[in-house]
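# Structural characterization, general
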Amino acid sequence: MRIPILKLNNLLLVSIQIELDDQSALQLQEDLLEKIHQTTAGGVVIDLTSLDMIDSFIAKVLGDIVSMSGLMGSQVVLTGIQPAVAITLIELGINLNEANTAIDLEKGIQILNQSGVQ
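Notes on the structure in this doc start here. Everything numeric here is computed off the predicted structure, so don't read it as measured data. (Residues numbered from 1 in each chain as written. Predicted model: local features only at pLDDT ≥ 70, side-chain atom pairs only at ≥ 80, totals over all residues. Heavy atoms only, no water.)

### What about the pairing of strand β3 (residues 43-47)?
- Within β3, five of the five residues are buried, which leaves it mostly tucked inside the rest of the structure.
- Side chains Gly43, Val45 and Asp47 project from β3 onto one buried face, and the interleaved Val44 and Ile46 project onto a second face that is buried too.
- Sheet analysis places strand β2 (residues 11-15) next to β3, joined by five bridges and oriented parallel. Bridge assignment links Leu12 to a residue of β3, and that residue is Val44.
- As a crossover connection, the stretch from β2 through helix α1 (residues 22-39) into β3 is right-handed.
- Relative to strand β4 (residues 75-79), β3 runs parallel, the two sharing five bridges. Bridge pairing in β4 links Val44 to Val76.
- Between the parallel pair β3 and β4, the chain is carried across by helix α2 (residues 56-71), and the sense of this crossover is right-handed. (Buried < 20%, exposed > 50% of the residue type's maximum accessible area, 1.4 Å probe, protein only. Helix = DSSP H or I, 4+ residues; strand = E, 2+ residues; numbered from the N terminus. Pairing = 2+ DSSP bridges. Right-handed = clockwise from strand over helix to strand, strands pointing away.)

### Let's talk about the environment of Asp55
- Along the chain, Asp55 falls in the loop between β3 and α2.
- You can call Asp55 partly exposed: its relative accessible area is 40%.
- Separated by 33 residues in sequence, Asp55 and Thr88 place their C-alpha atoms 7.5 Å apart.
- Not counting residues up to four positions away in its chain, the partners in contact with Asp55 are Asp22 and Leu92.
- Within polar-contact distance, the side chain of Asp55 engages the backbone nitrogen of Phe57 at 3.2 Å. (Contact = heavy atoms within 4.5 Å. Polar contact = N/O pair within 3.5 Å; in protein donor to acceptor, adjacent residues only side chain to side chain.)

Structure (structure tokens):
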């Protein structure tokens with residue numbers, strides 16, 4: 001199942017509403033990078049509110065998505081990170097220094113707008 005990627009002005013919005021497995025995570029990575037390329041979006045908000053837990057592979061892919069999006073010129077904001085997900089990311093040493101974080105989707109969009117991405 002593909003995760004929908006919505007375009008809002010110069011932003012892409014991704015709300016993960018399914019349990020991510022390895023294949024769906026890789027598909028999201030490919031789809032999002034292609035969408036950034038097509039739209040030249042300046043910002044991406046990835047909402048993780050529905051994810052209660054992630055494994056090491058999903059954590060790595062998430063870190064890769066942040067890095068790759070940055071290389072393509074898009075700022076990333078991760079929103080709705082649950083405590084178990086935050087613990088997993090830190091324990092695995094996943095580098096998310098290139099991404100901002102916010103409590104919810106609305107705040108994530110606000111961060112990008114304040115940084116000049118419209």
